[in-house]
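Now for the letters of each chain:
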Amino acid sequence: MPATRLEHDCIGQLEVPATAYWGIHTLRAVGNFTVSGMHDAQHTQLIRAYATVKRACAQANEELGIITADKAHHIVTACLEIEGGALSDQFPIDPLQGGAGTSTNMNMNEVIANRALELAGRPRGDYAALHPNDDVNASQSTNDTYPAACHLAIINEIHPLIIACQRLARSFHDLADRHIHDVTIGRTQLQDAVPMTFGQEFHAFASFLKSDWQALEALIPRLCQVNLGATAIGTGICADLRFRNAAVGHLAVDTGLPMTAAPDPIAAVTDTSVFLETAAALKTLAMHLKKAADDLRLLNSGPRAGFDELDVPARQAGSSIMPGKINPVIPECVDQCCFMVFGMDTTVTWAANEGQLQLNAFEPVIIHSLLEGMTLMINAMDMFRTRCVEGITVHIAVGRDHALRSPSISASLNARIGYEHSMAIAQAAVESGRTVREVAGERTDLPAATLDELLDPITLSRRLGQTCRERPTKPEARQAASQTAN
């Protein structure tokens, strides 16, 4: 039998493996919560963020004389190790846990305390020398530290999410640049509409992604508002009155982020609105990704009985019985990732709405869902970019033929010959299988050059001046003109 150490809590005593950095509270939680098959350790963002929060609190407690400099030194050192990825196997609790995150907080307190004891040359479990609650958790509660760690974890995950957005947008921009002059047909309600360029179509996807990363960036100031020092319900019980500002100040220095204290501590304990805003931003991103993936699937459809306007890269055989069939598997995988995020948003919405009285007990499932969704979106965008978008081949001739043969192009004749006459030309073109230009040449007295100008698909696609690039704002344009002149 492995060596153990005896620990106690308010329920009784248990033998804890002597080699474990965690203690009795963690042991009980591991036995209680056995649902997802996952561990807190799998959310490295949360574990590292929680260690950062604990480090700031230890620094504040030392500054205020609440714990000794020696204890603070060892606690801070232990926190820095965890932030660097050490002891990651010491966080075994299921992320779907009761207790509003108390189990994760106690797990963190125990691991930090036992590593700090080890650094001080004392055995693990020697809590008379350095205690998980009295020292590591001094001036704190789960109800103020756990949300702070959640906020910080989301901020840390937003940065790679934004980078993934920007890289995918760049790939769509590059694809658009290559097809800036290649016309196709726009479609509404899956019916032929009027001409556009492939470049404009791909640029629109990049524009979606830009709005998504801007929405994610806008969340950061809200997430930087934390409630340290509020303790159990926002009244600050068991915390020095100076601790709130000291802890938030140290957290700002430690993270380099503009951390601020929530203006209403009691309201902040129960307010989960920033999590809803994060879920909404993720859901919108997923909606835009699904839009791009679905459009590419449609444009790729065929090759004989579909649109056949482009090919996505062939990644694997598409059928066990139909030879040569190739499916758009990467866009299909993206779609399924988006479905998961839509479900995440529903989970977060329900959990955020279940906060009764002075606490929301369901932040564990909120942060688990958000971090899972963020990771999924990062991976989906990277996969989409490298295994699909960067390898798309556009069928330029097919797109141009679709643009020229669309009956809706007759709309450009309305101002010269009237709607009724234009409609008759469109109907004749459809019935005969000819182009609007061919029929209009027979049924109007407009000169050929005028018809060519009126029905030119490139001209029609750029009525508002769009190509596939963003136009600079007026200040940017003036600055560029000044630099050119100089």
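About the criteria used
- Residues numbered from 1 in each chain as written.
- Predicted model: local features only at pLDDT ≥ 70, side-chain atom pairs only at ≥ 80, totals over all residues.
- Heavy atoms only, no water.
- Helix = DSSP H or I, 4+ residues; strand = E, 2+ residues; numbered from the N terminus.
- Rg over C-alpha atoms; globule rule 2.2 N^0.38 Å.
- Buried < 20%, exposed > 50% of the residue type's maximum accessible area, 1.4 Å probe, protein only.
- Contact = heavy atoms within 4.5 Å.
- Areas by Shrake-Rupley, 256 points an atom, 1.4 Å probe, with all protein chains shown as cover.
- Lys, Arg positive; Asp, Glu negative; His and termini not counted.
- Charge placed at Lys NZ, Arg CZ, Asp CG, Glu CD.
- Salt bridge = Lys/Arg side-chain N within 4 Å of Asp/Glu carboxyl O.
- Phe/Tyr/Trp six-rings, centres within 6.5 Å; stacked < 30°, edge-to-face > 60°.

This next bit is on the overall build of the protein. Each helix and strand counted, the protein has 19 helices and eight strands in total. In terms of C-alpha radius of gyration, the protein reaches 30 Å, well past the compact-globule figure of 23 Å for 486 residues. Considering only C-alpha atoms, the protein reaches an extent of 100 × 65 × 45 Å along its principal axes. Out of the 486 residues belonging to the protein, those deemed buried represent 49%. Taking the intrachain contacts of the protein between residues at least 6 apart in sequence as the baseline, contacts between residues at least 24 apart amount to 73%. Put simply, the protein shows about 22400 Å² of open surface, and 55% of that area lies on carbon and sulfur atoms. The distance from the centre of the 38 positive side-chain charges to the centre of the 54 negative ones in the protein is 7 Å.

We now examine the pattern of salt bridges. Inspection of every chain in the model, using the stated rule, returns 23 salt bridges. Across the pair E277 and R222 runs a salt bridge, and its minimum N-O distance is 2.8 Å. With E277 in helix α10 (residues 273-300) and R222 in helix α7 (residues 198-223), this pair connects stretches of sequence that are 55 residues apart. Taking relative accessible area as the criterion, E277 reaches 32% and is therefore assigned partly exposed. Linking K283 and D345 is a salt bridge whose minimum nitrogen-to-oxygen distance equals 3.3 Å. In this pair, K283 is assigned in helix α10 and D345 in helix α11 (residues 329-352), connecting sequence segments 62 residues apart. Look at D345 and you get buried, because its relative accessible area is 11%. Linked by salt bridges that have partners in common, E81, R115, E118 and R124 make up one network.

For the rest of this paragraph, the subject is the packing of aromatic side chains. For the structure on display, the rule yields four aromatic pairs. Aromatic pair F172 and F384: ring centres 6.1 Å apart, planes at 75°, arrangement edge-to-face. Residue F172 is located in helix α6 (residues 142-178), and its partner F384 is located in helix α12 (residues 363-387); the two are separated by 212 residues in the primary sequence. Per residue, the accessibility class of F172 equals that of F384, and both read buried. The interplanar angle of 20° and the centroid separation of 6.3 Å between the aromatic rings of F198 and F202 together place this pair among those described as stacked. With F198 and F202 both in helix α7 and four residues apart, this pair spans about one turn of that helix.

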